[in-house]
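So you can see what is in the structure, the chains are spelled out below.
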Amino acid sequence: SAVISQKPSRDICQRGTSLTIQCQVDSQVTMMFWYRQQPGQSLTLIATANQGSEATYESGFVIDKFPISRPNLTFSTLTVSNMSPEDSSIYLCSVEDRSRNYGYTFGSGTRLTVV
Amino acid sequence: AQRVTQPEKLLSVFKGAPVELKCNYSYSGSPELFWYVQYSRQRLQLLLRHISRESIKGFTADLNKGETSFHLKKPFAQEEDSAMYYCALAALGSGGSYIPTFGRGTSLIVHP
C-alpha cells in the first residue's frame, strides 16, 4: 500500500499567520484528500485534490482559507491561512490505496495549535 | 448525501468479553464500507473492508443491506484492542470519484 510522509508533525502558530502542510506519497495517486480532525471529533473532509485541476471543497471550506496545491501525482500541500484559534486541529492527508475497494491510506497528521 | 452513524462514542468492556461496535449508513448506491482503527499515538489505519469478507485481528464485519449496517464484532476482546474505531463509507461524488465519509468514531476500552 501507499506510504505517505506528512510534515510538519506539529506546530504552534500565531493568529493571523499561515501554515503550509505537505504530503508526499511514495507512488503516483490520482486523488488526495485533506481532512480536519478536531479533538474528540470525527474526520471532516476539507477538499479533494486532483493533479492538474482545482481542488474540490466541501461545504464550509473555501479556497481562500485553505488553498491547496497539487503540482504532480505524488505531492500536495494544504495551507491554513489567516489562522485563528478555531483552526487548532489535526490535519490529515489521505490517498486511495490502489482503488476504492482497498480503502484509504493516511498520513501521520499535523497537530496545529493557534495561539 | 451519504451518512455514517456510529451511535456509541465510548464502549467499555472487560478482557475476554464479546465486542460489537455499531455502524449504520445511509447511501442510495452500492456502498463500499470500511473499518479503520487508530491506536494511541499512531496513524489511522485500515482494519478491514466489507468487500474482502476477511477477519483481521479476530474482528469481522458483515454488511447488512436490509438494515444498512456494518457492525464490527470480536468474540473475545483483548487489552490491545483498546483504540478508536471509525466506520467509513466510500460513495460516488458529484465529480465521478469515490469520496470517503467517516463516522464520528467509537472509543473502545478493554479493561484487564
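Up top is the structure these notes are about.
Once a new chain begins, its residue numbering starts again from 1 and follows that chain's sequence as written. All chains are assigned letters beginning with A, and all ligands numbers beginning with 1, in the order in which they are written. Thresholds applied to this predicted model are a pLDDT of at least 70 for local features of residues and 80 or more for the giving and counting of side-chain atom pairs; totals over whole chains, interfaces and linings are not thresholded and use all residues. Think of the side-chain values as coming from all heavy atoms in the structure, minus any hydrogens and water.

## Describing the overall build of chain B
The helix and strand inventory of chain B stands at zero helices and 11 strands. In chain B, the order of α-helices and β-strands from amino to carboxyl end is β-β-β-β-β-β-β-β-β-β-β. For chain B, the C-alpha radius of gyration of 14 Å lies close to 13 Å, the compact-globule estimate for 112 residues. Expressed along its principal axes, the backbone C-alpha trace of chain B runs to roughly 45 × 30 × 25 Å. Residues count as neighbours in contact if any of their non-hydrogen atoms are within 4.5 Å of one another. When contacts within chain B are restricted to residue pairs at least 6 apart in sequence, long-range pairs at least 24 apart make up 58% of them. Note on areas: Shrake-Rupley with a 1.4 Å probe; residue coverage comes only from the protein chains shown. Surface accessibility of chain B: about 5700 Å² in total, with carbon and sulfur atoms responsible for 50%. A gap of 5 Å separates the mean positions of the 13 positive and 9 negative side-chain charges of chain B. Here a helix means four or more residues in a row that DSSP labels H or I, a strand means two or more in a row labelled E, and each is numbered from the N terminus. Throughout, radius of gyration means the C-alpha value; the globule benchmark is 2.2 Å times the number of residues raised to the power 0.38. Charged-residue counts in this description rest on Lys and Arg as positive and Asp and Glu as negative, His and the chain ends being excluded. Think of each charge as sitting on NZ of Lys, CZ of Arg, CG of Asp or CD of Glu.

## Describing the side chain of serine 81 of chain A
Residues and elements named next belong to chain A. Relative to the helices and strands, serine 81 resides in the loop between strand E8 (75-80) and strand E9 (89-96). With a 1.4 Å probe rolled over the protein chains alone, any residue whose accessible area is under 20% of its type maximum counts as buried; one over 50% counts as exposed, and the rest are partly exposed. Serine 81 gets classed as buried once you look at its relative accessible area, which sits at 13%. Excluding its chain neighbours within four sequence positions, the residues that come into contact with serine 81 are Thr17, Ser18, Asp64, Lys65, Pro67 and Asp87.

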